[in-house]
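Structural overview
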Amino acid sequence: MRVVVQNDKSRVFRSRRARVRGGLALLAVAALGPGCARASSEVEPAGGQQLQVPAARALDAYAAGLRAAHTARVAAAKRWGLRRVPLTAPPPPAKKPEITTRDGFEVDDHAERGLPPVFTTVPTEEKIVFLTIDDGDEKDPAFLRMMSDLKVPYTAFLSDYLVKDDYAYFKKMQARGVTLNNHTLNHPYLPGLSYAAQKREICGMQQVIRERYGTRPVLFRPPFGNYNEDTLLAARSCGITHVPIWNEEVFADRWDYREWDREIHRGDIVLTHFRGREDWPGTMPDMVRSFLDKVTAEGYAVARLEDYL
């Protein structure tokens, strides 16, 4: 049975929307110009009767909302020490992209058997990336405040043995719109286990998340990114539809890359971990600054992974 092993992550585990598009943006800018509101809201019909156009007032309100949101975003970026204001992701696509398994990441008869796709990048023409965070060891309240203030989306993959001492922390995270997904009960090297043991690890975590947070995940990430045919068969039997891996990993002080060009690409999935000073030279907010400063400088916005699946 073929084992798929990620070469860029150690098996020794140390640690415990709205971008405005062209036409609408131009309308919003026009609404801000001198005399535009009056010119748009008053129409002179042939008989000389004045007609009021509520759409103009709505557009004024919309533009005011954009200004307020941008002002708040600028303030939040300054408050959290970012070099630039994070870019706003475009609206998610009306038609979801087709997600397929990355070449070289397949198991035998992967697509033919309808096994969940394993992928590192989402097909998109938009200049976006996706932030995913694994495990659940570090439970930093400042991280929750920072991500809420900045309105940066991310996706969590949790292991029960690390989160069970503070389920409430991740309940707060969920209340802020974060999807909580499956990373097994105990973070084992899955290809070393039998099918039955792998199923217990994956289905067991499905049950924990359902009981604690009221949802049953459809996303699963195998520990260390390592899996085999049994892993995907077990995951499918537990209700998993997608297996996102990653193309880059960000730490508090550096980035690691899967690709030879050591660059970020459109639609890349970025991995990081819930860790703190015990495991890396910095805090969770330090990691977020490292992540956001780089992606923003390179013209990328952060989008919500689930919106594309």
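Remember, predicted model here, so these are calculated numbers, not experimental data.

Across a regular strand the side chains alternate sides, sitting on one face of the sheet and then on the other. The buried fraction of strand β12 (residues 269-273) is high, at five of five residues. Here β12 shows a buried face lined by Ile 269, Leu 271 and His 273 and a second buried face lined by Val 270 and Thr 272. One ladder, built from five bridges, connects strand β5 (residues 128-135) with β12; its direction is parallel. Residue pairing across strands places Asp 134 opposite His 273, the latter belonging to β12. Relative to β12, strand β10 (residues 248-250) runs parallel, the two sharing two bridges. If you follow Glu 249 over to β12, its bridge partner there is Leu 271.

This brings us to the packing of helix α7 (residues 195-213) against helix α8 (residues 229-237). It is at 9 Å that the axes of α7 and α8 come closest, and there the two elements cross at 45 degrees. In terms of orientation, α7 and α8 fall into the oblique class. By crossing handedness, the relation of α7 to α8 is classed as right-handed. Contacts between α7 and α8 involve Tyr 195, Gln 198, Lys 199, Ile 202 and Cys 203 from the first element and Asp 230, Thr 231, Leu 233, Ala 234, Ala 235 and Ser 237 from the second. The residue makeup of the contact of α7 with α8, split by class, is six nonpolar, three polar and two charged.

What follows covers the packing of helix α4 (residues 141-150) against helix α9 (residues 284-297). Two quantities define a packed helix pair, namely the angle between the helix axes and the distance between the axes. At a closest axis distance of 8 Å, the pairing of α4 and α9 adopts a crossing angle of 35 degrees. Seen from α4, the contacting residues are Ala 142, Phe 143, Met 146, Met 147 and Leu 150; seen from α9, they are Met 284, Pro 285, Val 288, Arg 289 and Leu 292. Considered class by class, the residues forming the contact of α4 with α9 number nine nonpolar, no polar and one charged.

Turning our eyes to something else, we now look at the state of the cysteines. Counted according to the given criterion, the structure contains one disulfide. Disulfide partner of Cys 203: Cys 238, at an S-S distance of 1.8 Å. Given an S-S torsion of about -95 degrees, the disulfide between Cys 203 and Cys 238 has left-handed geometry. Of the two residues, Cys 203 is situated in helix α7 and Cys 238 in the loop between α8 and β9 (243-244); the sequence distance between them amounts to 35 residues. In this structure Cys 203 comes out as partly exposed when scored by relative accessible area, which is 23%. By relative accessible area, which is 0% here, Cys 238 ends up buried.

Reading guide: rules and limits
Residues numbered from 1 in each chain as written. Predicted model: local features only at pLDDT ≥ 70, side-chain atom pairs only at ≥ 80, totals over all residues. Heavy atoms only, no water. Buried < 20%, exposed > 50% of the residue type's maximum accessible area, 1.4 Å probe, protein only. Helix = DSSP H or I, 4+ residues; strand = E, 2+ residues; numbered from the N terminus. Pairing = 2+ DSSP bridges. Axes fitted to C-alpha atoms, helices over the stretch in contact; angles between N-to-C directions. Parallel < 35°, antiparallel > 145°, perpendicular 65-115°, else oblique. Left-handed = near helix turned anticlockwise from the far one by under 90°. Contact = heavy atoms within 4.5 Å. Nonpolar A, V, L, I, M, F, W, Y, C, P; charged D, E, K, R; others polar. Disulfide = S-S within 2.5 Å.

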